[in-house]
Amino acid sequence: MEANNTSTTQEGTTSASVEEMEFRIVKISLYVLILVLSCVGNSLVAIVIIGARDMRTPPNFLILHLALCDFITPALSIPFDLALEERDYVWQFGETMCKLLWPLQTAFSISSSVTLAVISLERFRTVSKPFVRRMTSYHVLMAVLSIHAISIGICVPYFLPKRSCDEI
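Residues numbered from 1 in each chain as written. Predicted model: local features only at pLDDT ≥ 70, side-chain atom pairs only at ≥ 80, totals over all residues. Heavy atoms only, no water.

In the nomenclature of an unreviewed UniProt entry, the protein corresponds to G-protein coupled receptors family 1 profile domain-containing protein from the organism Porites evermanni. According to the UniProt record, the Sequence similarities (unreviewed entry) comment for the protein is "Belongs to the G-protein coupled receptor 1 family." UniProt annotates the protein under Subcellular location (unreviewed entry) with the comment "Membrane". (UniProt positions renumbered as here; feature names shortened; annotations may be inferred.)

Structural data, given as structure tokens:
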């Protein structure tokens, strides 16, 4: 009877290990799929806007900026988040990278959101007041610089803590 309990325990352990391995495979596959699709999709948007001369308009430069922010955000986030999860939340990439990575991820996410708001406002202006002068390349450049200044300004407190990366 004791031998029967032992085999059940070993079988249960094996079953749990197989389920855990299957979960890890699915999780890693989804992380990689999301990373690849976001990088490829945003790269294609950038290639089209930069490559086609007639696509180089000020509103499209805002879309290009959005694509670049949306490319950088997962490229910074997904590999490090996956590595952190797989290593039981032990940071392996050094103190400097730890102090820069999280604020930069946040700054690019904020830049993406604010860029969407600027695109929406520009489109609203275009539709509601069709005869008013549209944004110029200079206005777009100033908007992009302002967006990044605002994003970094919001993240300044995030750069300052003296916390250790071991507390992740």
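Next comes the rest of the description.
1. Topic: the packing of helix 2 (residues 58–86) against helix 4 (residues 137–159)
Where helix 2 contacts helix 4, the two axes come as close as 9 Å, and the packing angle between them is 25°. The angle between helix 2 and helix 4 places the two elements in the roughly parallel class. Between helix 2 and helix 4 the crossing geometry is right-handed. Residues Pro58, Phe61, Leu62, His65 and Cys69 of helix 2 touch helix 4, and the partners they reach there are Ser137, Val140, Val144, Ile147 and His148. Within the contact of helix 2 with helix 4, the residues separate by chemical class into seven nonpolar, three polar and no charged. (Axes fitted to C-alpha atoms, helices over the stretch in contact; angles between N-to-C directions. Helix = DSSP H or I, 4+ residues; strand = E, 2+ residues; numbered from the N terminus. Parallel < 35°, antiparallel > 145°, perpendicular 65-115°, else oblique. Left-handed = near helix turned anticlockwise from the far one by under 90°. Contact = heavy atoms within 4.5 Å. Nonpolar A, V, L, I, M, F, W, Y, C, P; charged D, E, K, R; others polar.)

2. Some thoughts on the packing of aromatic side chains
Centre-to-centre distance and the angle between the planes together describe a pair of aromatic rings. For the coordinates displayed, the defined rule picks out four aromatic pairs. Seen in terms of ring centroids, phenylalanine 80 and phenylalanine 93 are 5.0 Å apart; in terms of plane orientation they differ by 85°. Their pairing is edge-to-face. On the criterion of sequence distance, the pair formed by phenylalanine 80 in helix 2 and phenylalanine 93 in the loop between helix 2 and helix 3 (95–128) is long-range, its members being 13 residues apart. For phenylalanine 80, a relative accessible area of 15% corresponds to the buried category. Judged by its relative accessible area of 35%, phenylalanine 93 is partly exposed. Their ring planes at 75° and their centres at 5.1 Å tell us that tryptophan 91 and phenylalanine 93 sit as a pair that is edge-to-face. Taking the relative accessible area as the measure of exposure, tryptophan 91 reaches 10% and is therefore buried. An aromatic cluster of at least three residues, connected via ring pairs, comprises Phe80, Trp91, Phe93 and Trp102. (Phe/Tyr/Trp six-rings, centres within 6.5 Å; stacked < 30°, edge-to-face > 60°. Buried < 20%, exposed > 50% of the residue type's maximum accessible area, 1.4 Å probe, protein only.)

3. Observations regarding the packing of helix 3 against helix 4
Here helix 3 crosses helix 4 at 145°, and the two axes come no closer than 8 Å. Of the two possible hands of crossing, helix 3 and helix 4 adopt the one that is right-handed. Contact residues: helix 3 offers Lys99, Leu100, Trp102, Pro103, Thr106, Ala107, Phe108, Ile110, Ser111, Val114, Thr115 and Val118, while helix 4 offers Ile147, His148, Ser151, Ile154, Cys155, Tyr158 and Phe159. For the contact of helix 3 with helix 4, a count of residues per class yields 13 nonpolar, five polar and one charged.

4. Some points on the side chain of threonine 115
Relative to the assigned elements, threonine 115 resides in helix 3. Threonine 115 sits in the buried class, given a relative accessible area of 0%. Those residues within four positions of threonine 115 in sequence are excluded, and the remaining contacts are Leu62, His65, Leu66 and Ile147.

5. Section: the confidence of the model for the protein
Across the protein, pLDDT averages 88, with 88% of residues at or above 70. By mean pLDDT, helix 1 (residues 2–51) is the weakest element of the protein at 82, and helix 2 is the strongest at 94. Here residues 1–8 scores under 50 on pLDDT; set against residues more than four positions off or in separate chains, the count is zero contacts. (pLDDT = per-residue confidence, 0-100.)

6. Section: the nonpolar core
Counting residues in hydrophobic clusters, the biggest one holds 10 residues: Cys69, Leu76, Phe80, Leu84, Trp91, Cys98, Leu101, Trp102, Phe108 and Cys165. Elements represented by at least two residues in this core include exactly helix 2 and helix 3. Setting aside chain neighbours within four positions, we find leucine 76 in contact with Leu101, Leu104, Gln105 and Phe108. Residues Leu66, Ile119, Val140 and Val144 belong to the second largest nonpolar core, which totals nine residues. (Core = buried A, V, L, I, M, F, W, Y, C linked by side-chain atoms within 4.5 Å.)

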